[in-house]
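Architecture at a glance
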Amino acid sequence: MNRSEQKALLTANESNIVSDIHKMFERYGPTFVDLAIGKRSDMDALLEFYGAPLRFIGPTFHMVMNDNAAITGPDGMGGEIDRLRKANFAASTLDRCNVSVLNERAALVDALWLRRDAKGALIARFAVIYLVTLATDGWRITSAVNT
């Protein structure tokens, strides 16, 4: 397949990829919130959204979670959920979710999250660029950079 044929195929599938990733993020937000507020306790539910190895990079840290246990554990996303439980976190909404398809197996997602406390007050507003890749079991976040 030459380059122009590959480009035509990607264009034809691009709307399906964007739709699939939007659906994933529509499930991800509520799952994360339910875990953080204690409505759910099955941390393995995060593995429907994250794939190892997972990198998470912020202004003061660079975490690499090499396997599923690291993702769900106290030094990974499990620790973030535990911190939110202690911080009176109650809700999170996805204010922006722009998907840029890179190829048939990868996309960038530019997201803006709004976190609120039990009274509805905004406690955090933060942007994340996600690298989302197609694994054998569906789309997974494999890198996240807090911007």
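Notes on the structure in this doc start here. (Residues numbered from 1 in each chain as written. Predicted model: local features only at pLDDT ≥ 70, side-chain atom pairs only at ≥ 80, totals over all residues. Heavy atoms only, no water.)

Quick word on the layout of surface pockets
Rules: With a 1 Å grid spanning the protein atoms alone, the term cavity applies to any set of points in which a 1.4 Å probe fits but cannot get out, the term pocket to an open set with protein on both sides within 12 Å along at least five of seven lines, and the term lining residue to any residue with an atom within 4 Å of a point. Grid points are joined across faces, edges and corners, and a volume is the space filled by probe spheres set on the points. Where helices and strands are cited, they refer to DSSP runs of H or I of at least four residues and of E of at least two residues respectively, numbered from the N terminus. Three classes are used, and their members are as follows: Ala, Val, Leu, Ile, Met, Phe, Trp, Tyr, Cys and Pro are nonpolar, Asp, Glu, Lys and Arg are charged, and the others, Gly among them, are polar.
Estimates place the volume of the largest pocket at around 330 Å³. Residue lining of the largest pocket: 19 residues in total, with Phe56, Met77, Glu80, Arg115 and Phe126 positioned closest to the centre. Elements with a contribution of two residues or more to the lining of the largest pocket: helix H1 (3-36), strand E1 (50-58), strand E2 (61-65), helix H3 (77-86), strand E4 (106-117) and strand E5 (122-135). Counting residues per element, the lining of the largest pocket draws most heavily on H1, which supplies four residues. Of the residues that constitute the lining of the largest pocket, the class distribution is twelve nonpolar, four polar and three charged.

Section: the pairing of E1
On a regular strand, one side chain projects to one face of the sheet and the next to the other, so that they alternate. For clarity, the threshold we go by: Each pair of strands is called paired provided DSSP finds at least two bridges between the two strands.
Here E1 pairs with strand E6 (residues 138-146) via four bridges, running parallel. Bridging across to E6, Tyr50 finds its partner in Ile141. As paired elements, E1 and E2 share five bridges and run antiparallel to each other. Bridge pairing in E2 places Phe56 opposite Met63. Adjacent in sequence and paired antiparallel, E1 and E2 are bridged by two residues.

Considering the pairing of E6
Note that E5 and E6 share eight bridges and pair antiparallel. Its bridge partner lying in E6, Ala135 is registered against Gly138. Hairpin remark: E5 followed by E6, antiparallel, with two residues in the connecting loop.

Looking at the pattern of salt bridges
To be explicit about the condition: For salt bridges, the criterion is a side-chain nitrogen of Lys or Arg within 4 Å of an Asp or Glu carboxyl oxygen.
Counted under the stated rule, the structure contains six salt bridges. The partner of Arg140 in a salt bridge is Asp137, and the shortest N-O contact between them spans 3.3 Å. Through salt bridges with shared partners, a single network forms among Glu80, Arg83 and Arg115.

Some thoughts on the sheet that holds E1
Hydrogen bonds along the backbone pair up the strands of a sheet, which may run parallel or antiparallel. Put simply, the rule is: Structural elements are reduced to axes, namely lines fitted to C-alpha atoms, with helices fitted over the stretch in contact, and the angle between N-to-C directions of any two is expressed from 0 to 180 degrees. Here a residue-residue contact requires only that any non-hydrogen atoms of the pair lie within 4.5 Å.
On the basis of which strands lie adjacent, the open sheet formed by six strands has the order E2-E1-E6-E5-E4-E3 and mixed pairing. Taken across any chain shown, the strands that pair with only one partner, and hence form the sheet edges, are E2 and strand E3 (89-103). Shown here is a sheet whose adjacent strand axes are inclined to one another by a mean of 20°, direction ignored. For E3 and E4, the ladder comprises twelve bridges, and the chain directions are antiparallel. Residue pairing across strands places Thr93 opposite Leu114, the latter belonging to E4. Each of E1, E2, E3 and E4 touches H3; the most contacted strand, E1, lies at about 60° to it.

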